[in-house]
Amino acid sequence: MNLLAIGDVVGAAGCDHLRAHLPALKRHYHADVTIVNGENAAEGNGVTPAAADHIFQSGADVITGGNHSFRRREIYDRLERDDFLLRPANYPDSAPGRGLCVLDLGRCLVGVINVMGEVYLPATRSPFETADRMVAQAKEAGCRLIVVDLHAEATSEKLALGYYLDGRVTAVVGTHTHVPTADARLLPGGTAYITDLGMCGPAESVLGVKKEQSIALMKDKLPVRFETAPGPCRLDGVCVTADPATGLATAIEAFSA
Ligand SMILES: [Fe+2]
Ligand SMILES: [Fe+2]
């Protein structure tokens with residue numbers, strides 16, 4: 001079975017680039033499941049119902065989120081009723097939505113979990129304990145394969161969580177930094193891992209934002225209104241090949257388009 005995971009989609013330009021490239025990537029990799037992080041898909045950040053529709057219609061089976069999942073109020077209702085639009089599982093129970101979904105592929109159930117780190121991100125429940133709870137729930141539901149979107153800033157925290165989950169889940173794929181890392185590999189216990197997938201958004205930008213605006217914020221320390229950068233986009237992701245008999249991965253390949 002082949003599982004595709006795509007990094008954070010940024011703005012309308014990122015949505016358009018995803019639409020242009022995802023169908024061919026799914027065919028090329030014979031994707032059985034496609035997971036796309038959508039926390040920045042709306043213009044101005046967060047995810048709107050229209051952006052979620054666009055990503056699903058482009059071929060995603062599951063949209064994962066992050067620290068921007070709750071930025072747009074108009075998505076709250078959709079988070080409650082759409083099983084496949086996730087937000088990090090470690091938010092309080094009072095937050096709308098869920099951090100785990102189960103895809104029924106007929107021959108096997110696939111669980112997708114969204115967990116957020118706690119370094120330089122909003123204070124929520126421990127990602128380690130949250131991941132434990134979600135993995136237990138997915139296994140209880142009968143999932144043979146489990147993919148974790150680990151939305152976190154610090155590479156060390158992501159690696160630690162990767163090792164913590166090694167051998168218990170099929171794949172741990174990092175999101176949030178929008179910069180792809182060159183460490184896609186199988187961990188010793190058989191879990192496919194990458195510290196960060198990267199993004200689907202403007203190539204010449206800082207996190208998809210106009211570079212001049214990011215520089216101004218960091219240099220001058222005054223509030224800046226961010227806009228999506230112009231110019232060509234790039235899409236980053238991985239294809240994980242997995243064996244439903246073991247629940248583990250046999251290969252991981254990073255790609256860009
Ligand atoms: Fe992001
Ligand atoms: Fe994020």
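Further up the page is the structure itself.
Residues numbered from 1 in each chain as written. Chains lettered and ligands numbered in written order. Predicted model: local features only at pLDDT ≥ 70, side-chain atom pairs only at ≥ 80, totals over all residues.

Q: Teacher, can you tell me more about the environment of histidine 68 here?
A: Mapped onto the secondary structure, histidine 68 falls in the loop between strand S4 (62–64) and helix H3 (76–81). For histidine 68, a count of 20 C-beta atoms within 10 Å corresponds to the buried category. Spatially, the C-alpha atoms of histidine 68 and glycine 106 are 33 Å apart, while their sequence positions differ by 38 residues. Here histidine 68 is in contact with Glu39, Asn40, Asn45 and Gly46, once residues within four sequence places are set aside. (Helix = DSSP H or I, 4+ residues; strand = E, 2+ residues; numbered from the N terminus. Buried ≥ 20, exposed ≤ 12 C-beta atoms within 10 Å, placed from the backbone. Contact = placed C-beta atoms within 7 Å.)

Q: Looking at this model, I keep getting lost on helix H1 (residues 11–28). Mind explaining?
A: The α-helix advances 3.6 residues per turn, and as a result positions three or four apart in sequence lie on the same side. With 18 residues, H1 ought to run about 26 Å at 1.5 Å a step, and its terminal C-alpha atoms sit 25 Å apart, in line with that. When the local axis directions of H1 are compared, the greatest deviation, roughly 35°, occurs at histidine 21, which is followed within four positions by the proline proline 23. Those residues of H1 lying buried are Gly11, Ala13, Gly14, Cys15, His17, Leu18, His21, Leu22 and Lys26. Contacts from the buried residues of H1 go to strand S1 (2–6), strand S2 (8–9), strand S3 (33–37), helix H2 (49–57), strand S11 (199–202) and strand S12 (233–243). A positive backbone phi angle near 50° is found at histidine 30, which sits one or two residues after H1. (Expected span 1.5 Å × (residues − 1). Bend = angle between axes of the 7 residues up to and from the residue.)

Q: Whenever I open this one, the pairing of strand S13 (residues 248–256) confuses me. Can you help?
A: Each regular strand shows side chains that alternate between the opposite faces of the sheet. Sheet topology note: the S12/S13 ladder contains 8 bridges and is antiparallel. From the neighbouring strand, cysteine 239 faces S13, where its bridge partner is glutamate 253. What sits between S12 and S13 in their antiparallel hairpin is a turn of 4 residues, with glycine 247 showing a positive phi close to 80°. (Pairing = 2+ DSSP bridges.)

Q: Please clarify how the nonpolar core should be interpreted in this entry.
A: With 69 residues, the main nonpolar core has Ile55, Ile113, Val147, Val148 and Ala171 as its most contacted residues. The leading source of residues in this core is S12, at 6 residues. Each residue touching isoleucine 113, except ones within four places of it in the same chain, is listed here: Ala89, Gly99, Leu100, Ala131, Met134, Val135, Ala138, Ile146 and Val148. (Core = buried A, V, L, I, M, F, W, Y, C linked by C-beta atoms within 7 Å.)

Q: For this particular structure, what's the right way to read the packing of H1 against H2?
A: Packed helices, taken two at a time, are described by their axes: the angle between them and the distance between them. Between H1 and H2, the shortest axis-to-axis distance is 9 Å and the interhelical angle comes to 15°. Taken as axis vectors, H1 and H2 run roughly parallel relative to one another. Regarding H1 and H2, the two cross each other, and that crossing is left-handed. Within the contact between the two elements, H1 uses Cys15, Leu18 and Arg19 and H2 uses Ala51, His54 and Ile55. Its residues assigned to classes, the contact of H1 with H2 shows 4 nonpolar, 1 polar and 1 charged. (Axes fitted to C-alpha atoms, helices over the stretch in contact; angles between N-to-C directions. Parallel < 35°, antiparallel > 145°, perpendicular 65-115°, else oblique. Left-handed = near helix turned anticlockwise from the far one by under 90°. Nonpolar A, V, L, I, M, F, W, Y, C, P; charged D, E, K, R; others polar.)

Q: Even after reading the chapter, I still don't get helix H4 (residues 127–140), so can you show me in this structure?
A: For H4, built from 14 residues, the straight-helix expectation of 20 Å at 1.5 Å per residue is met to within 8% by its first-to-last C-alpha distance of 20 Å. Each element contacted by the buried residues of H4 is listed here: strand S5 (100–104), strand S6 (109–116), strand S7 (145–151) and helix H5 (155–165).

Q: Which parts of the structure should I look at to understand the pairing of S1?
A: Of all 5 residues in S1, 4 are buried, a share of seventy percent or more. Sheet topology places S1 next to S12; 5 bridges connect them, and they run antiparallel. Following the sheet pairing, leucine 3 is matched in S12 by valine 240.

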